[in-house]
Amino acid sequence: MIAAPVQAVEIDAPPPPIALPANLAATPSPHANCPAPYIRSTLASVPTTHSLLKKSKLPFSLIVQPYTSLHEDEAPIPVIDDQVISRCRRCRAYINPYVTFLDHGHRWRCNMCNLTNDVPQAFDWDAAQQKSVDRWQRSELNYGVVEFVAPQEYMVRPPQPLVYLFLIEVGQPSLVNGLCATVSKIIAEALPRIPNADGRTRVGFIGFDTSLYYFSIPRDGSENNDPSMLVISDLDEPFLPTPDNLLVTLSESMQNVQTFLEKLPNMFQDNLQTGSAMGSALRAGHRMTAAIGAKITVLSSSLPNAGFGKLENRERKDILGTSKEGSLLQTQNSFYKSFAVECSKNQVSIDMFLFSSNYQDVASLSNLPRYTGGQTYFYPGWNAARQEDAIKLAQEFTNYLSSEIGLEAVLRVRASTGLRMSAFYGNFFNRSSDLCAFPSFPRDQQYNVEVAIDETLTRPQVFLQAAVLHTSCNGSRRIRVMTLGLPTTDNIASVYAGADAQAITTYFSHKAVERALSSGLDAARDALQSKVIEILQTYKSNIGGGTGGLTLPGNLRALPVLFLGLIKNVGLRKSALIPSDLRAAALCLLSTLPTALLLRYIYPAFHSLHDMPDDAGVPDPQTGNIVMPPLLNLSSERIVPYGLYLLDDGVNQFLWVGRDAVPALLMDVFGIEDQSLIKQGKTTLPLLDNDFSQRIHAVLEKARDHKAKGVGSITVPTLYVVRESGEPTLKLWAQTLLVEDRADQGVSLQQWLGMLREKVVQ
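Residues numbered from 1 in each chain as written. Predicted model: local features only at pLDDT ≥ 70, side-chain atom pairs only at ≥ 80, totals over all residues. Heavy atoms only, no water.

Quick note on the threshold: UniProt positions are given in the numbering used here, feature names are shortened, and annotations may be inferred rather than shown by experiment.
Looking at an unreviewed UniProt entry, one finds the protein named Protein transport protein SEC24, with Karstenula rhodostoma CBS 690.94 as its source organism. According to the UniProt record, the Function (unreviewed entry) comment for the protein is "Component of the coat protein complex II (COPII) which promotes the formation of transport vesicles from the endoplasmic reticulum (ER). The coat has two main functions, the physical deformation of the endoplasmic reticulum membrane into vesicles and the selection of cargo molecules."

## Considering the overall build of the protein
As a reminder, the rule being used: To qualify as a helix, a DSSP run of H or I must reach at least 4 residues; to qualify as a strand, a run of E must reach at least 2; elements of each kind are numbered from the N terminus. What the globule rule says is 2.2 Å times the number of residues to the power 0.38, and the radius of gyration is computed from C-alpha atoms. Under the scheme applied here, a residue whose accessible area is under 20% of the maximum for its type counts as buried, over 50% as exposed, and between as partly exposed, the area being computed with a 1.4 Å probe on protein chains only. When checking whether two residues touch, look at their non-hydrogen atoms; a contact exists if any pair is within 4.5 Å. We get accessible surface area from the Shrake-Rupley algorithm with a probe of 1.4 Å; when it comes to residues, only the shown protein chains can shield them. We score Asp and Glu as negative and Lys and Arg as positive, and we do not count His or the chain ends. All charge positions are set by atom: Lys at NZ, Arg at CZ, Asp at CG, Glu at CD.
When you go through the protein residue by residue, the secondary structure sums to 19 helices and 30 strands. Relative to its length of 762 residues, the protein is compact, with a C-alpha radius of gyration of 27 Å against a globular reference of 27 Å. Buried positions account for 60% of the 762 residues belonging to the protein. A separation threshold of at least 6 residues defines the contact pool for the protein, and within that pool the share at least 24 residues apart is 76%. A total accessible area of about 29500 Å² is found for the protein, and carbon and sulfur atoms account for 51% of it. When the 67 basic and 74 acidic side-chain charges of the protein are each reduced to a single mean position, those positions are 8 Å apart.

## Examining a nonpolar patch on the surface
Inclusion rule: Candidates for patches are residues over 30% relative accessible area with no salt bridge; among them, like charges are joined within 9 Å and nonpolar side chains (Val, Leu, Ile, Met, Phe, Trp, Tyr) within 5 Å. Whenever Lys or Arg places a side-chain nitrogen within 4 Å of a carboxyl oxygen from Asp or Glu, that contact is recorded as a salt bridge.
Where nonpolar side chains cluster on the molecular surface, the patch consists of Met229, Val231 and Met267 and spans about 230 Å² of accessible area. Within the secondary structure layout, Met229 lies in strand 14 (residues 228-232).

## Side note on the nonpolar core
Heads up, the rule is: Grouping buried Ala, Val, Leu, Ile, Met, Phe, Trp, Tyr and Cys residues that are joined through side-chain atoms within 4.5 Å yields what is termed a nonpolar core.
By size, the foremost hydrophobic cluster in this structure holds 147 residues, and its most contacted members are Phe60 and Leu572. Per-element tally for this core: the top contributor is helix 12 (residues 521-542), with eight residues. Apart from residues no more than four positions distant in its own chain, Phe60 is found in contact with Ser41, Thr42, Leu43, Val46, Leu53, Leu419, Val449, Glu450, Val451, Ile453, Leu464 and Leu486. Of all hydrophobic cores here, the second largest spans 41 residues; its members include Ile168, Leu179, Val203 and Leu250.

## Quick notes on the UniProt feature "domain: Sec23/Sec24 beta-sandwich" (unreviewed entry) in the protein
Within this numbering scheme, the UniProt entry marks residues 406-489 as carrying the feature "domain: Sec23/Sec24 beta-sandwich" (unreviewed entry). Taken end to end, residues 406-489 is 0% helix and 70% strand, and its two terminal C-alpha atoms sit 38 Å from one another.

## Details of the sheet that holds strand 5 (residues 100-102)
Worth spelling out the cut-off: Strands qualify as paired when DSSP identifies two bridges or more between them. To define axes, lines are fitted to C-alpha atoms, for helices over the stretch in contact only, and angles between the resulting N-to-C directions are given on a 0 to 180 degree scale.
With antiparallel pairing, the three strands of this open sheet are ordered in space as 5-6-7. At either margin of the open sheet sits one strand with a lone partner, and together these are strand 5 and strand 7 (116-118). Within this sheet the neighbouring strands show an average axis-to-axis angle of 35°, counted without direction. The sheet contact formed by strand 5 and strand 6 (residues 107-109) spans three bridges and is antiparallel. Note that in strand 6 the partner of Leu102 across the bridge is Arg107.

## Concerning the pairing of strand 28 (residues 652-657)
By the criterion of burial, strand 28 is predominantly enclosed, with six of the six residues buried. In terms of strand pairing, strand 27 (residues 644-648) meets strand 28 through five bridges, oriented antiparallel. Within the sheet, the bridge partner assigned to Leu646 lies in strand 28 and is Leu655. The loop that links strand 27 with its antiparallel partner strand 28 comprises three residues; one of these, Gly650, has a positive phi angle of about 85°. Sheet analysis places strand 28 next to strand 30 (residues 718-723), joined by six bridges and oriented parallel. Within strand 30, the position partnered with Asn652 by the bridge is Thr718.

## A word on the state of the cysteines
Note the following rule: For this text, the term disulfide refers to a pair of cysteine sulfurs within 2.5 Å.
Taken as a whole, this structure holds zero disulfides when the rule is applied. Sulfur of Cys91: no disulfide; nearest cysteine sulfur belongs to Cys110 and is 3.7 Å away. On the basis of relative accessibility, which here comes to 21%, the residue Cys91 falls in the partly exposed class. Of all cysteine sulfurs, the one in Cys588 lies closest to Cys343, which takes part in no disulfide; the gap is 17 Å. Exposure remark for Cys343: the relative accessible area of 0% places this residue in the buried category.

## Considerations on the packing of aromatic side chains
The criterion, for reference: Two aromatic rings from Phe, Tyr or Trp, using only the six-membered ring of Trp, form a pair when their centres are within 6.5 Å; if the ring planes differ by under 30 degrees the pair is stacked, by over 60 it is edge-to-face, and anything between is tilted.
In total, this model carries 35 aromatic pairs according to the counting rule given. Centroid distance Phe353 to Phe397: 4.9 Å. Interplanar angle 85°. Geometry classified as edge-to-face. Placement of the pair is Phe353 in strand 17 (residues 348-354) and Phe397 in helix 9 (residues 387-402), with a sequence separation of 44 residues. When its relative accessible area of 0% is taken as the criterion, Phe397 is described as buried.

## Notes on the packing of helix 11 (residues 501-519) against helix 15 (residues 595-602)
How we decide: The labels follow the angle: roughly parallel below 35 degrees, roughly antiparallel above 145, roughly perpendicular from 65 to 115, and oblique for the rest.
Packing of helix 11 against helix 15 brings their axes to within 10 Å, and their N-to-C directions diverge by 75°. Relative to helix 15, helix 11 is oriented roughly perpendicular. Contacts between helix 11 and helix 15 involve Gln502, Thr505, Thr506 and Ser509 from the first element and Thr595, Leu598, Leu599 and Ile602 from the second.

## A word on the packing of helix 14 (residues 580-590) against helix 15
Between two packed helices, the angle of one axis relative to the other and the distance separating the axes together describe the packing. The geometry of helix 14 relative to helix 15 is characterised by a closest axis approach of 10 Å and an angle of 140° between their N-to-C directions. Taken together, the axis directions place helix 14 and helix 15 in an arrangement best described as oblique. Packed against helix 14, whose contacting residues are Ala586, Leu589 and Leu590, the element helix 15 presents Leu598, Tyr601 and Ile602 at the interface.

## What about the side chain of Glu396?
Counted only if it meets this: Throughout this description, a polar contact denotes any pair of N or O atoms lying within 3.5 Å of each other; where both atoms belong to protein, one of them has to be capable of donating a hydrogen while the other can accept it, and for residues adjacent in sequence the pair is counted only when both atoms sit in side chains.
Tracing the backbone shows Glu396 in helix 9. Residue Glu396 is classed as buried on the basis of its relative accessible area, which comes to 3%. In this structure the side chain of Glu396 is engaged in a polar contact, spanning 2.7 Å, whose partner is the backbone nitrogen of Val716. Setting aside residues no more than four positions away along its own chain, Glu396 makes contact with Tyr379, Ile714, Thr715 and Val716.

## Details of the pattern of salt bridges
Inspection of the entire model under this criterion finds 30 salt bridges. The salt bridge partner of Arg412 is Asp434, with a shortest N-O separation of 3.1 Å. Taken together, the residues Arg412 in strand 19 (residues 406-415) and Asp434 in the loop between strand 21 (429-432) and strand 22 (435-441) connect sequence positions 22 residues apart. Owing to a relative accessible area of 25%, Asp434 belongs among the partly exposed residues under this scheme. Here the salt bridges share partners, and the residues they tie into one network are Asp82, Arg138 and Glu140.

## Section: the sheet that holds strand 28
Here we have five strands laid out as an open sheet, ordered 26-27-28-30-29, and mixed in their pairing. Pairing within the sheet leaves two strands with one partner each, and these edge strands are strand 26 (605-608) and strand 29 (681-682). Across the face of the sheet, helix 17 (residues 691-704) comes into contact with strand 27, strand 28 and strand 30 while running at roughly 15° to strand 27.

## Observations concerning helix 5 (residues 278-289)
What sets the pattern is the α-helix's 3.6 residues per turn: residues three or four places apart point alike. The test is simple: Helix span, expected: 1.5 Å multiplied by one less than the number of residues in the helix.
In this model, helix 5 (twelve residues) spans 16 Å end to end at C-alpha, consistent with the 16 Å of a helix rising 1.5 Å per residue. Of all twelve residues in helix 5, ten are buried, a share of seventy percent or more. Within helix 5, the full set of buried residues consists of Met278, Gly279, Ser280, Ala281, Leu282, Ala284, Gly285, His286, Met288 and Thr289.

Structure below.
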């Protein structure tokens, strides 16, 4: 394996194919099995016994991402709207392409638990057109992913309206960095893009510093269109005005909401308060929305230091990089978890947008999204005066507001007899042993479900089915059902031949975050290292023969490199230079990013631009997609002093300018011949009137296009220009992305493989 180094293109390898018999499904449909973007299994062949799985040292887990786009423009999923939903009486699995029909088609046998069920009479009848239909055309028998429109019995209560409640910090810190004014403008412009198909969407606003500010906004066209403000200084038991006039229906008050947002920054322009009662604002927001549920969006520029959930600045540079560092990643105040669980029960989800240039305790605050199905977005040192910061927030926050979301969602995964879901990872609240609850269901996160083998599997295939019950943005109750079939095997070589290195890495990234938060960073890194050694030893002793080197099958070749990338990621890397907020934000990403973006985050894309092929940066004549330059391995050996390179981890992009870059190249890209005049750091690249500049722009844009990777994400990566002869800290930051090099306190890929070889040969 060391003789033939892993190439960068292997990092994004598709999963090993799943080999099912051609006639297994009820119809000859090519779409019968759930495709990998929706459910990706760590194993394409399932061991028949628990002991064989244990012996293999490989995890059996499903990476579930029910949506692959922020909007309805994903690959269209068949929608079954006749409300005929046939489910197994015993295990409650939904009818799917792998059931068997018996008794002249009047009954069907469940492929999960083998029970025979009656086929509903309406299954072959179109009630709308009053005529019989061909059941073999029904989507649920042809597709591994379908969506049912749910009848009344799938609702605990009628579908509630979509509610966005914005909690905006209006104290001094948010005025100085321009957050209050910028966010008001972005929301005002994005209001028409907020999902509102059924005309019921509501919005509300609470301002906070050391007091709370409620805003009542009248309907458009009423006698007095001016918003009114109520100030509450009692943080312990804040008085709550009647919510009727605090949550306004967008379609009735759009104009007045926009007028209010224009006025908001001026209302507080002389505010000198520096304190933040965020916890009290959250409690007020929860009380305001608990009856109907809501998506609470918190925008804050400082550490909450007044009222409920008060936090201290506990950042200590002297313990960064030591065994005590893990304590900074623990939650400082139990309020955040217990409050989040309370919110989840009332269908309230929380998203955090954090903008402080000082310590903000992301580790504590990220509990709110973690247990309510939300997300933590971190903008360290953000300032509206910097054009790049303002534009990035405008693009991301507009993406965020216009995304489709599901409401009041639950996720359950069922499986064939003998299999059991044993652990769940991701941002949600685990309501019972197998039910994950999401007050709102985002489209840009994925979830990890560990599967246990409780009994010997006697059938040649097993089936797993994930179902998400949710209310869509337009008030329709839906069930998205994803069914995956996998062959079983009693042969450890087959288990290894079907193992998916990328899905395994995703699983262990969730495990590493859990370990880092419970036992510290050293324990998380050690666990990853011992895991990859175990896998190598098991393969060598059971399959790979007695060779002295490191051997793994082709499908797992990238695993040691991916694990090294995970250990060296900013969330887990051993370093005394990473502030705890930055680390905590990275851990949030490691446990929520879809696999395609996670792989990019732990093993960034690296392209050489100065010598890219003629077709790079130009649309492909067949597909129309921009052709990217070839991927390079993440090693400084690939860098020449006269070169221009792009390093991209999906969050940041670094444009590396070699110290000997020729004036003609600089002129083409920056419009400047003198390298010392090129602006370093966070910047925007000028679009110049030459072919090379336009191709570079096309490459940068394509790298930012998450849709091309088949995943939804609101993130717009920040561009940094790094001069090799320039700012040392910026250069060091970019170099830490070169996973195969030695940097900070990490080992190089050669040292890592050498160490693994020693341990495996012992």
